[in-house]
Each structure stands twice: as C-alpha cells, then as structure tokens.
Protein chains: 2
Amino acid sequence: MPPFDVPEGDPFGPHNLPYGVFSPPGSSERTVGVRLGDHVLDAGAAAHALGSPYASLLARPTLNPLLAAGRTAWSDVRRALTAWVTVPAHREAVEPLFHPLSEVTLHLPFEVADYVDFYASENHARNVGRIFRPDAADSLTPNWKHLPIGYHGRSGTVVVSGTDVVRPSGQRKAPADPAPVFGPSVRLDIEAEVGFVVGVPSEHGRPVPLGDFRDHVFGLCLLNDWSARDIQAWEYVPLGPFLGKSFATSVSAWITPLDALEQARTAPPERTHALLPYLDDADEEPGGYDLRISVAVNGHVVSEPPFSTMYWTAAQQLAHMTVNGASLRTGDLYGSGTVSGPTERERGSLLELTWNGRDPLELPDGKRTFLEDGDTVTLSAWAPGPDGARVGLGEVTGRVVPTA
Amino acid sequence: MPPFDVPEGDPFGPHNLPYGVFSPPGSSERTVGVRLGDHVLDAGAAAHALGSPYASLLARPTLNPLLAAGRTAWSDVRRALTAWVTVPAHREAVEPLFHPLSEVTLHLPFEVADYVDFYASENHARNVGRIFRPDAADSLTPNWKHLPIGYHGRSGTVVVSGTDVVRPSGQRKAPADPAPVFGPSVRLDIEAEVGFVVGVPSEHGRPVPLGDFRDHVFGLCLLNDWSARDIQAWEYVPLGPFLGKSFATSVSAWITPLDALEQARTAPPERTHALLPYLDDADEEPGGYDLRISVAVNGHVVSEPPFSTMYWTAAQQLAHMTVNGASLRTGDLYGSGTVSGPTERERGSLLELTWNGRDPLELPDGKRTFLEDGDTVTLSAWAPGPDGARVGLGEVTGRVVPTA
C-alpha cells in the first residue's frame, strides 16, 4: 500500500522528495511536509518519532529554518528522509505520519525575503523585441548579452499555487489615445518561469562568486509571473515594470532541492559574447538545468518551454545580483524570467504565443489572446532523474477572478 | 536637568517624540526608544513602570508590533508618552529610564517588508530628463503627470543611519566604449528622499483609496537612496534600476509619527493635468508635507531641498501602489523619490547639483563631482510644529568606504 509502495517510475518517488508546508486535515497548524507519490509525510513528526536531531529544522511552520541551515544540513536531512521512506525497518513508525495529498492544505512554503525577476531567455527577449520594437536593428538591447537583466518585484504578493488571482485594474494608454483610461486589465498574461530559493545569507558588501551558487541556493520551484501587459506598457518607462507585475506572483507549493536535480544539470547555450570574469562560467560546472515545462490553460496544453535553452544560468544571476555587494537573506526568491524555446510551441507567455494578440490560440473552449476571467493556468514540469526516472516539479496553478 | 527640562524650542521636544530601536550602554538587547532632546526614553520600561497596557507594543525589539496596531493605538500610545515625559508626577518613575543619546546604539527601527521607490519631484524628473535626453521635446516622459512612477527596490539592504556604505562594483559602458568594463563605481551619488512607513496591512486584491492614507501609514523618515549612476545607466533599459541602487539604502534611526506633523501639512503644487479619480486629491485633505531638508557632504551643506514642492503626495503614491490589488504589509517602506526644488541650491542629488559632473561643487576639502571614498553624507530636516516650534527629523548619515 502507499506511500511506501510508490509505483515504479512515479516522478515523486523517493529520488525526488520535495519540501513544502502543509496543514493536516482538520488542522490549521502548519508544518514541513515532504511529498512522496500522492502523499505528504509530516517530516517533523517523523523526525520526532525516529529520534532524529533534525526535528528542530522540520517541525516548523515554514522552510526558513531548514533553508538557513546550509548545504551540509540539507544533504544530511535529505539522506535521513530517504532512509525514513525507504528502509523497511522504519515503515511501522513512519507510515502513520503520511497524509493523502488531496486531504491536506498546502501553504506558501517559505517566507519570501526579496523577490527579483530576471529576463534570461534569449528567445523570449528577442520575441519581445520583435513585437515591441519591430524596426530595431537588433531585437536585443545592447546590454542583454553582457549581463543578466533583472529587477526587484513585490515579495508581499507572492502566493502559493491554488490561490485565485484577482484581475488587476490600472491605467493604460495606447499611443494614439489622448489620455490614459482606468479599468481592469484587458491584456492579462502569464510568464512561465523557474524560481530559485536562497537559503544561506551572504555578507553585505561581499559578492557571491559563481562557484558558491550551491552553497547559497537550496532549490527551485515553478513560478508564474502574472503580467498585465497594458498596465506595464504605459508605466514602465523609465523605471521598469511596477503595477503590471506586482499584483501577484504564484509559486508551486513544493520546493525541489538542487540535490534532487543532479542528473538534470546541463551546459547552457554557447556564449556568443565574451563575459566579464565574474560571469564567465566556461570553467565552472554546468550551470543549466534540463527542466521540461508545460503550460496549460483550462487543462489544455498550449506550450512546452524548455528550461535548458536559458542563456543565463541561476548561478550567473546570483553572482550578478550580489556583485555590487548586495546581501542575500534566507528566503530570497529569484525568477529566471519567462522561459521560451526557439519554436512557436515553446513560448512561455501569451504575448509571444499570440504575437501580442494578432494570432489567437484556439482552445477547446474558444479563442484566447489574453486571459479571460475564470481561466485557470497551470505550469508543470519534470526533469531527468537517476536511472531514467523523472523528477516531478510541483505544479503551480491559479485561476483568474474578476476585479473586486 | 535633562531630559524633562528640554530647552524651549528644541526640535526634539515633547511635541515631537519620534520612535526608534536602541540598545542601552553595555547591552545588545534591542527595545523601542522615544527621543526627547538628546536623550532616549526606554519606552517599554516606562510602560512597565507606570503599569501601562502599551508595554506589549513597546517592550519589543522592533517597531513592527506598534506599526501593526493601527491608528487608534498610535494616538493612544502617543498621548500616553506625552504624559509620561511632561507630567511632573511621572518624573520620579520615568527619569531613570532615559539614556543619553550619545551612549546608546541605534538600530534599524523596523523590519522592512517591501521597499518601493518613487520619482515624485517634477524638478528632479525634469533635471534628469534635461541631462540624459537634452534633445527631447519634453523633459518628462509622457506618463509622468498621470501616475506616480515607482519601482521596487531591495529591502534586504536597507540600513540604519551610521552604517558605512561600501562603494559598489559593477559593469559600466559609455556609449562610445566597445564593451563594458568592470570595477568600482566612479559615479557614486546620493538621493535625498523621505521614506514612508506602512503600519496597517491591506487585503490582497483590494485597493487602498486616497482617503485611507493615515489609517495605513504610521510615519516617515529620511532616506538616502545611494545610486551608482554609471552602473544604472548601462543596466536600466528595459527593466529599470537594479544593481545601481540595490547595494544600500540608508534610513534615519527615528521614525516621526504623522501625528507629530499636523502643522506641516500643506497642499501639493497645482496639478497641471486632470487626474484619474483614484489619484484625484482635489477634494482630499492636504496631502503634502512641508519638510525642509538639508544635504551635507563632510559637514558642508550643499543643498536644501524643499519637500513641499513634490508633485505627487505620499497618499497618492499609496493609492497608486495598491490600485492593482497589491497588498500592504506592516513594515512596507516607500521612498518619495529624490527631492529637488526649483533652484540650483535645492537639488537632492549630485547628478543634478553638478549637472552630471560638468559643474563640480567646491567643498572646503576640494572639488566634488560624485562621491569619493571617505566622504560622509548627512541628510537632516525639520518641519513646522505647534506654536512656532520646529519638529526635527532624525538625520540619516553614511560614510563611503572603498570596495571590499
């Protein structure tokens, strides 16, 4: 019987073990859970039951204490969890501490400190350039190949998968309009991204070099950076996106530790421009991750963006983000930027998939340019795991509800 | 003897009573303090000594519990504090709970949730436009008079007055350079701003109307938004400032409650463009504040920016920041943007004061275009108070130290 007997090939088998925060059925208490198949292990309770020293990191209402504990602790806890859910001698003690996934409430798994969003897909950046600056000689801005462009977002509106997203209102003005108008966004979009979660802080004034990425970053999640294109277009010159993004950012309820993704590491695309030393990853271990993302609207898959095509790696983004001495905190979250592959079916936003509304998508329930009220968007993904297994990433889903 | 006998006319007299967090001499414990003259009252200890119910808000290591308590509590606590430091019957109990300001350690007074920075001075925005886009028909971008432009900054690098600021390194590239170069910023600047501190959260998905400003915002502080102009110039298209700002933002150790600034309220400049209803403050109480700021480099005053000239008010900024449904959290901080008045001696940045380095400032210790290592920048300010008194704002100071 489950959960020990997870079916062979389950993407949430014991080779995966992502972390989340849940409340058991009938309770509002939050505690750390680990997903196995379609069950959730109460990790703190298991640690207590087995006399583990890691109870202090796991019997907690957020992942932040575990995140802060550092790489050695992360590896030790993962090793212990693997034993708890696979060694038959533990079965009697551990099995009662599982809950069916369908019966628990999942929460935002960590307290978000700063949230940064990057713009690291060359295909995405070129598509955006072609759409908005069709006459430009180069679809990329001059800085794009020299640094991973990023900006700060609103950490207070990061929400967990399953949270409804209220359609934002705001100002918009087409170039030909005499004055801006106010109302609910009419160009509400998604951005399919991967989010990286910082565990170990850094010292203010000291950059974090490329090679220290795995000492600071605990794991990753899927992230939907909801975007109101009409609000964004009117507001973003000269200081960047603000209200077009800040109304909501959804993250998956499960954080996949980097340790579960060793087989998914891959070299990023060939660098076409020489990089300054702090970003030059030619002599580093492969910094890319082979994650196969799927974007579905109302259950219908509209795109499969490949994360392996991202030009800038998460390690480069971390090095860049701190090269000016900015410090990291436990709970910092940074998004990769929209993931778009080279083909039409690999684009991570409706802006690109519909070419700014010119080419509507044909869905079973009608045409779409941008999102309509009631639409549910779901990002899911998997990565190559050990011995041909897949590592499943927790999905991130959200439904658009009308402006309040 | 002090502190009861604060000299007549002291800008930190009992009409002011700003809040901070301090450690007493020889202790590393943090607790809420209230400034009176050149002394700090241990507010939690006073509440305990006098049997006040507010001890639970004041005997705390940050201002966040007081911030979250809301306007009625803010008024009640202020009324109680005023009595404690002025009513002779309390003198014996309260006087031993003061510490000389020079003997305490001041800390960041609240945990910063999200940090947003605006761009609300028309004089500043026009100066920047003239410097960087001298050929443009209008020195303002088309959106500027329709919405308060803002962006998110890094809350993890907000530091308290007195903290050294490490000169940031980063990429820069002049238009004529063939490729970017890396190194310590050579155009390190200041931005003299006022920061507003949010106390009461708002519901996600529900905008906060203009008239609710004082129910959410507790008080204000001085803020220096350190800026590396060379890093910013190369990175900021298309997603806005990032590393050019994120290395440090300094705030004063004292938060002045809005209740201490009633006499400083003033009407903002006449609106030259019709505003959408959510920003239209024609029928609102005056949203401006008459704060007289002073900017000193190594003790030499170089500018006196008048906050009363800001085009967009803090209430409008709050309404705009939430109009898309973005929620507020206790500890959110938002900066006004650089305060610059209409005359040369009223500009709040070296960029403007030296016209991007063209016209160096003559200081007693030599010429300055941008900041040199070892320079100390101090912002101070006062506002009109009751009966002709001045309300002093806590200064924000920081020294530039070389790249690590």
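All values reported here derive from a predicted model rather than from experimental measurement. (Residues numbered from 1 in each chain as written. Chains lettered and ligands numbered in written order. Predicted model: local features only at pLDDT ≥ 70, side-chain atom pairs only at ≥ 80, totals over all residues. Heavy atoms only, no water.)

Caption draft 1: A look at the pairing of strand β13 (residues 192-198) of chain B. Residue and element names in this part refer to chain B. When you tally the buried positions in β13, you get 7 out of 7 residues, the bulk of the element. Taking every second residue as pointing to the same face, both faces of β13 are buried, with A192, V194, F196 and V198 on one and E193, G195 and V197 on the other. Bridge count between β13 and strand β14 (residues 217-224): 7 bridges; the pairing is antiparallel. Paired with V194 across the strands is L222, a residue of β14. Here 3 bridges tie β13 to strand β22 (residues 333-335), and the two strands are oriented antiparallel to one another. Paired with F196 across the bridge in β22 is Y334. (Buried < 20%, exposed > 50% of the residue type's maximum accessible area, 1.4 Å probe, protein only. Helix = DSSP H or I, 4+ residues; strand = E, 2+ residues; numbered from the N terminus. Pairing = 2+ DSSP bridges.)

Caption draft 2: Up close: unusual backbone geometry. Geometrically, the link from V237 of chain A to P238 of chain A is a cis peptide bond, its omega value of 5° lying close to zero. With respect to the helices and strands, the residue P238 of chain A is situated in the loop between α8 (229-235) and β16 (249-251). Positive phi, normally seen in glycine, also occurs at L17 of chain B, with a value near 55°. Residue L17 of chain B is classed as buried on the basis of its relative accessible area of 2%. You will see that N298 of chain B, though not glycine, has its phi angle at about 50°, which is positive. By the secondary structure assignment, N298 of chain B is in the loop between β20 (292-297) and β21 (300-303). On the basis of relative accessible area, N298 of chain B is assigned to the partly exposed category, the value being 32%.

Caption draft 3: Looking closely at the interface of chain A and chain B. Across the boundary between the two partners, chain A contributes 56 residues, which contact 56 residues of chain B. A combined buried area of about 5,200 Å² lies between chain A and chain B, and 62% of that area is made up of carbon and sulfur atoms. Applying the counting rule to chain A against chain B returns 2 salt bridges. Between R154 of chain B and D332 of chain A there is a salt bridge, and its shortest N-O distance comes to 3.1 Å. Connecting chain A to chain B are 26 residue pairs in polar contact (both at pLDDT 80 or more). Among the elements that line the side of chain A that touches chain B, the one with the most residues is strand β7 (residues 150-153) of chain A, at 4 residues. Taken together, the residues of the side of chain A that touches chain B sort by class into 32 nonpolar, 18 polar and 6 charged. (Contact = heavy atoms within 4.5 Å. Buried area = accessible area lost by both parts, 1.4 Å probe. Salt bridge = Lys/Arg side-chain N within 4 Å of Asp/Glu carboxyl O. Polar contact = N/O pair within 3.5 Å; in protein donor to acceptor, adjacent residues only side chain to side chain. Nonpolar A, V, L, I, M, F, W, Y, C, P; charged D, E, K, R; others polar.)

Caption draft 4: Representation of the sheet that holds strand β5 (residues 105-107) of chain A in the model. All names here are of chain A. Taking strand neighbours across the sheet as the criterion, the 5 strands line up as β4-β3-β2-β1-β5 in an open arrangement whose pairing is antiparallel. Each end of this open sheet is capped by a strand with a single partner; those strands are β4 (98-100) and β5. On average, each strand axis in the sheet is inclined to that of its neighbour by 45°, with strand direction left out of account. When strand β3 (residues 39-42) meets β4, the two strands line up antiparallel, connected through 3 bridges. What sits directly across from H39, in β4, is P100. Helix α4 (residues 71-86) contacts β1 (19-23), β2 (31-36), β3 and β4 of the sheet and is inclined by roughly 60° relative to β1. (Axes fitted to C-alpha atoms, helices over the stretch in contact; angles between N-to-C directions.)

Caption draft 5: A look at the UniProt feature "domain: Fumarylacetoacetase N-terminal" (unreviewed entry) in chain A. Per the UniProt entry, the sites bearing "domain: Fumarylacetoacetase N-terminal" (unreviewed entry) are residues 15-109 of chain A in this numbering. Taken end to end, residues 15-109 of chain A is 39% helix and 22% strand, and its two terminal C-alpha atoms sit 20 Å from one another. (UniProt positions renumbered as here; feature names shortened; annotations may be inferred.)

Caption draft 6: Just the side chain of S340 of chain B, in detail. Residue and element names in this part refer to chain B. Relative to the assigned elements, S340 resides in the loop between β22 and α10 (350-353). Take S340: its relative accessible area is 0%, and that puts it in the buried class. Engagement of the side chain of S340 in a polar contact is seen with the side chain of E352, the distance being 2.9 Å. With residues up to four places along the chain from it excluded, the contact list for S340 reads S121, N123, H124, T309, E346, R347, G348 and E352.

Caption draft 7: Structural view of the relation of the copies chain A and chain B. For the pair chain A and chain B, the best superposition has an RMSD of 0.0 Å and corresponds to a rotation of 180° with a translation of 0.0 Å parallel to the axis. As the rotation angle and translation indicate, the two copies are arranged about a two-fold axis. Looking at the rotation axis and the C-alpha trace of chain A, the residue lying nearest is G240 of chain A, at 2.0 Å. Most of the interface of chain A is mirrored in chain B, where 100% of its interface residues again form contacts. (Least-squares fit on C-alpha atoms with pLDDT ≥ 70 in both.)

Caption draft 8: Inspection of the domain arrangement of chain A at higher detail. Residue and element names in this part refer to chain A. What the domain assignment lists for chain A is domain 1 (19-107) and domain 2 (115-401). Relative placement of domain 1 and domain 2: their C-alpha centres are 29 Å apart. Across the domain 1 to domain 2 interface the summed buried area is about 1,600 Å²; carbon plus sulfur atoms make up 66%. Of all residues in domain 1, Y19, L67 and R71 give up the largest surface area on contact with domain 2, accounting jointly for 39% of the area buried on that side. Applying the counting criterion to the domain 1 and domain 2 interface returns 1 salt bridge. Between D259 and R71 there is a salt bridge, and its shortest N-O distance comes to 2.9 Å. Along the contact surface separating domain 1 from domain 2 lie 4 residue pairs in polar contact (both at pLDDT 80 or more). (Domains from an automatic or database assignment.)

Caption draft 9: The side chain of R78 of chain A, seen in detail. Residues and elements named next belong to chain A. Relative to the helices and strands, R78 is located in helix α4. Among buried charged residues, R78 stands out as having no salt bridge; its nearest opposite-charge side chain is D259, 5.0 Å away. Among all residues touching R78, those that are not within four sequence positions of it are H15, N16, L17, Y19, P257, D259 and A260. (Lys, Arg positive; Asp, Glu negative; His and termini not counted.)

Caption draft 10: Examining the UniProt feature "domain: Fumarylacetoacetase-like C-terminal" (unreviewed entry) in chain A more closely. According to UniProt, the "domain: Fumarylacetoacetase-like C-terminal" (unreviewed entry) feature falls on residues 116-401 of chain A. The distance separating the terminal C-alpha atoms of residues 116-401 of chain A is 26 Å; by composition the span is 12% helix and 31% strand.

Caption draft 11: Structural detail: the sheet that holds strand β5 (residues 105-107) of chain B. Residues and elements named next belong to chain B. Ordered by their spatial adjacency, 5 strands build an open sheet running β4-β3-β2-β1-β5, and the pairing between neighbours is antiparallel. Strands with a single pairing partner mark the edges of an open sheet, and in this sheet they are β4 (98-100) and β5. When strand polarity is set aside, the average angle formed by the axes of neighbouring strands in this sheet is 45°. One ladder, built from 4 bridges, connects strand β1 (residues 19-23) with strand β2 (residues 31-36); its direction is antiparallel. What sits directly across from Y19, in β2, is V34.

Caption draft 12: Seen up close, the packing of aromatic side chains. The final tally for this structure, using the stated rule, is 20 aromatic pairs over all chains. Relative to F118 of chain B, the ring of F242 of chain A has its centre 5.9 Å away and its plane inclined at 80°; by these criteria the two rings are edge-to-face. One end of the pair, F242 of chain A, is in the loop between α8 and β16; the other, F118 of chain B, is in strand β6 (residues 115-118), on a second chain. Comparing F242 of chain A with F118 of chain B, the two get one shared label, buried. Taken together, the ring pairs connect F118, F196, F213, F307 and Y334 of chain A together with F242 of chain B into an aromatic cluster. (Phe/Tyr/Trp six-rings, centres within 6.5 Å; stacked < 30°, edge-to-face > 60°.)

Caption draft 13: Spotlight on the layout of surface pockets. Volume-wise, the second largest pocket comes out at about 390 Å³. Here the residues of the lining of the second largest pocket are counted per class, giving 6 nonpolar, 6 polar and 4 charged. (1 Å grid on protein atoms, 1.4 Å probe; cavity = no way out; pocket = protein on both sides within 12 Å on 5 of 7 lines; lining within 4 Å. Points joined across faces, edges and corners; volume = space filled by probe spheres on them.)

Caption draft 14: Seen up close, the pairing of β14 of chain B. Residue and element names in this part refer to chain B. When you tally the buried positions in β14, you get 8 out of 8 residues, the bulk of the element. As paired elements, β14 and strand β16 (residues 249-251) share 2 bridges and run antiparallel to each other. Across the sheet, residue N224 finds its bridge partner in β16, namely S250.

Caption draft 15: Seen up close, helix α6 (residues 122-132) of chain B. Of the positions making up α6 of chain B, those classed as buried are E122, H124, A125, N127, V128, G129 and I131 of chain B. Structurally, α6 of chain B contributes buried residues whose contacts are with α10 of chain B.

Caption draft 16: Broad picture of the pattern of salt bridges. Residue and element names in this part refer to chain A. Scanning the model with the defined rule gives 50 salt bridges over all chains in all. E122 is paired through a salt bridge with R126; the nearest N and O atoms lie 3.0 Å apart. Of this pair, E122 and R126 both sit in helix α6 (residues 122-132), 4 residues apart, which is roughly one turn of that helix. Exposure remark for R126: the relative accessible area of 23% places this residue in the partly exposed category. A salt bridge links E122 to K145; the nearest nitrogen and oxygen atoms lie 3.2 Å apart. Of this pair, E122 sits in helix α6 while K145 sits in the loop between α6 and β7; the two residues are 23 residues apart in sequence, bridging distant segments of the chain. Of the two residues examined, E122 and K145, each falls in the buried class. Because the salt bridges share partners, they merge into one network encompassing R71, R214, D259, E262, R265 and E285.

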